[in-house]
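Architecture at a glance
Listed below are the residues making up each chain.
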Amino acid sequence: MIDPTVKIGKNLKIGSNVVIEDSVTIGNDVVIGHNVVIKKDTFIGNNVSISDATTIGKYPSSNNKMARKPSLSLQPLVIGDHVTIGSNSVLYRDTIICSGVFIGDLASVREKVMIGKESIIGRNAIVENNTMIGERVTIQTSSYVTADMIIEDDVFIGPCFSSSNDKYMGKGNYTHQGPVLKKGCKIGNNATLLPGIIIGEKAIVGAGAVVTKDVSENSIVVGNPSKSINA
Amino acid sequence: MIDPTVKIGKNLKIGSNVVIEDSVTIGNDVVIGHNVVIKKDTFIGNNVSISDATTIGKYPSSNNKMARKPSLSLQPLVIGDHVTIGSNSVLYRDTIICSGVFIGDLASVREKVMIGKESIIGRNAIVENNTMIGERVTIQTSSYVTADMIIEDDVFIGPCFSSSNDKYMGKGNYTHQGPVLKKGCKIGNNATLLPGIIIGEKAIVGAGAVVTKDVSENSIVVGNPSKSINA
Amino acid sequence: MIDPTVKIGKNLKIGSNVVIEDSVTIGNDVVIGHNVVIKKDTFIGNNVSISDATTIGKYPSSNNKMARKPSLSLQPLVIGDHVTIGSNSVLYRDTIICSGVFIGDLASVREKVMIGKESIIGRNAIVENNTMIGERVTIQTSSYVTADMIIEDDVFIGPCFSSSNDKYMGKGNYTHQGPVLKKGCKIGNNATLLPGIIIGEKAIVGAGAVVTKDVSENSIVVGNPSKSINA
């Protein structure tokens, strides 16, 4: 049932109805739940845990209307040691998930993403393609991290955060740029960031704020449109 | 294993653990991923792709508290040619998905919905029942399209859009009406539309706007409550 | 295939590829869809319906960075009579779902939650741990119910609601407290509640409101920050 090109380490604990495609590599002491699908070429480190009904290593797809076509030459998905992945989640190829990362249930991470050590991607959170996430970052439940975004180390994002990267909303002929969240900034729940916005180091964006301009370091902004409330 | 009432075209590529219920029709050159469930009577056109762990053709259900009970006589789900459906998604019966449509991962589309040609339903987006979506519409990731909504051709909806159709919030004895989005209008990310709001042709609703009144054609509104910023 | 410690009542209707772990109890007249995973010790009452690809009875997990570690001694998940659970959902251990509750597709309910009789948890809605939900409560699609929250009887929450429980956003050394929603209050779609906010009996929070202070009973608040519009 398992293809001879699959390499499996010691002490694999595996559930029922698991599908492992060809050329997959699995490290030592890995736990795989029921109904998990591991697509071809995926690399899984040691002490990784993947819960039920999750699909990892998916190729992107598109339709005629979509501006950006998926690349045909994508690298495998690489999952570092001690990573924990929830149930019913979908992870794409050509992404690197560093050691100690936690990804919740019903989450999705696209291609060409890097997630740094010990970061948390909450349940039902979505991370789009081409996004860099630093170390010890928290992205809470149901947050939306757009494509082409940069999130530096130690950033905290509350639940239901929304971001976008397309100033002209589908007009095309334009370089998309998601927000940039500098080291240690904090974003409240259900805050909205416009394309290309820069949030400075240790700045705080209040819950429900709609951020239309860059926020300077250490400042606090709230409201719609958001304004500084620093003394 | 496959029921004799199932009709399958040429060149089917099918994954492991797929369940195909009775009276399903599948066209030519279809790709079905692992752990997919195709409920009874579903009609799938040619060159359709359905990714892993997706369920299509589901009957609606309810509990005692719900005002609207599901109809007992629902038509089958019909999926046109060249449609692409993501992983871990749920599509209902009595809905028509026209040719070239793209539906992302972790998305859901209810019964009595029509999705026009080449439209895009983003990942984790939800489309409720009784909603009409035109052609070349984009509904981005994690957006919520309420029931009884009309979305005309070429509308663009950014990520995390929210709508509702129930002015009296659960009081009942009232005709529900979702928003109406006229041809070519654009809605920014995390915008909120109240029940029955009409957004005019080519109007623009800013990111994070809360729209409490109709918006006239070609105008631009922002803020909470949203106001026009046209000259 | 089924463990001898599993107890099954009369008239079970069960789909393909279902996994039932040890010490599960299933009542009479239960319907279980395809690809469902029922984790160990789960108790399911009579006349329960569970749709395809749902996982129930999951143990919580965590990584090094997470403040709250899952308890090692969790009770089983208990599902009362006449409960309906959708497709592709994830329910945790040590939670009680009372009779007549409806849980939609792609939803998730964490550990140490109580959901009262006939309440509705919408599709793609998330309920975090340690949260009490009363009877006849409606929580609509894609809403986010944070941890340590109290929702009394007959509360109505529109779609895309957002809440949080952590005033210092990840700083730790602090007792988390989610909002408290008193009997019969109504919350509009995409409203944002800050940690510990109390919404009084029969109060109404408008769509898109950002609630930063307690709301008194019977009052109506809108805007960002929200203000009363009572006469």
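No experiment lies behind these values; they were computed from the predicted model shown.

Considerations on the overall build of chain A
Looking only at helices and strands, one finds 0 helices and 32 strands in chain A. For chain A, the C-alpha radius of gyration of 19 Å lies close to 17 Å, the compact-globule estimate for 231 residues. Its C-alpha atoms put chain A at 65 × 40 × 20 Å along the principal axes. In chain A, which comprises 231 residues, the share counted as buried stands at 59%. A sequence separation of at least 24 residues applies to 20% of the contacts in chain A between residues at least 6 apart.

Looking at the sheet that holds strand E2 (residues 13–14) of chain A
Residues and elements named next belong to chain A. Read from one edge to the other, the open sheet built from 12 strands follows the order E2-E5-E8-E11-E14-E17-E20-E23-E26-E29-E31-E32, with strand pairing classed as mixed. The strands lining the two open edges of the sheet, one partner per strand, are E2 and strand E32 (227–228). Here strand E14 (residues 102–103) runs beside strand E17 (residues 120–121); their pairing, made up of 2 bridges, is parallel. Within E17, the residue paired with Phe 102 across the bridge is Ile 120.

A few points about the sheet that holds strand E18 (residues 126–127) of chain A
Residue and element names in this part refer to chain A. Read from one edge to the other, the open sheet built from 7 strands follows the order E3-E6-E9-E12-E15-E18-E21, with strand pairing classed as parallel. On the outer flanks of this sheet lie strand E3 (19–20) and strand E21 (144–145), each paired with one strand and no other. Sheet analysis places E3 next to strand E6 (residues 37–38), joined by 2 bridges and oriented parallel. From the neighbouring strand, Val 19 faces E6, where its bridge partner is Val 37.

Here's the deal with the relation of the copies chain C and chain A
Superposing chain C onto chain A requires a rotation of 120 degrees together with a translation of 0.0 Å along the rotation axis, leaving an RMSD of 0.0 Å. Taken together, the turn and the small shift mark the pair as related by a three-fold rotation axis.

Regarding the interface of chain C and chain A
Across the boundary between the two partners, chain C contributes 28 residues, which contact 36 residues of chain A. When grouped by side-chain class, the residues that make up the side of chain C that touches chain A number 11 nonpolar, 15 polar and 2 charged.

Concerning the confidence of the model for chain A
With 96% of its residues at a pLDDT of at least 70, chain A reaches an overall mean of 95. Interface predicted TM-score (ipTM) for the complex: 0.95; the corresponding pTM is 0.96.

Focus: unusual backbone geometry
Cis peptide bonds are those with omega within 30 degrees of zero, and the linkage from B:Asn224 to B:Pro225 qualifies with -5 degrees. Mapped onto the secondary structure, B:Pro225 falls in the loop between strand E31 (220–222) and strand E32 (227–228). Positive phi, normally seen in glycine, also occurs at B:Asp29, with a value near 55 degrees. If you trace the backbone, B:Asp29 turns up in the loop between strand E4 (25–26) and strand E5 (31–32). The phi dihedral of C:Asp154 falls on the positive side, at around 65 degrees, and the residue is not glycine. With respect to the secondary-structure elements, C:Asp154 resides in the loop between strand E22 (150–151) and strand E23 (156–157).

Quick notes on the domain arrangement of chain A
Examined at the domain level, chain A breaks down into domain 1 (1–52 + 78–110) and domain 2 (130–168 + 175–231). Taking only C-alpha atoms into account, the centre of domain 1 of chain A sits 30 Å from that of domain 2 of chain A.

A short note on the nonpolar core
Formed by 204 residues in total, the largest nonpolar core has its most connected members in A:Val205, A:Val211, B:Val205, B:Val211, C:Val205 and C:Val211. Aside from chain neighbours lying at most four places away, what touches A:Val211 is A:Ala191, A:Thr192, A:Leu193, A:Leu194, A:Ile197, A:Val205, A:Val221 and A:Ser226.

The rules we used
Residues numbered from 1 in each chain as written. Chains lettered and ligands numbered in written order. Predicted model: local features only at pLDDT ≥ 70, side-chain atom pairs only at ≥ 80, totals over all residues. Helix = DSSP H or I, 4+ residues; strand = E, 2+ residues; numbered from the N terminus. Rg over C-alpha atoms; globule rule 2.2 N^0.38 Å. Buried ≥ 20, exposed ≤ 12 C-beta atoms within 10 Å, placed from the backbone. Contact = placed C-beta atoms within 7 Å. Pairing = 2+ DSSP bridges. Least-squares fit on C-alpha atoms with pLDDT ≥ 70 in both. Nonpolar A, V, L, I, M, F, W, Y, C, P; charged D, E, K, R; others polar. pLDDT = per-residue confidence, 0-100. Domains from an automatic or database assignment. Core = buried A, V, L, I, M, F, W, Y, C linked by C-beta atoms within 7 Å.

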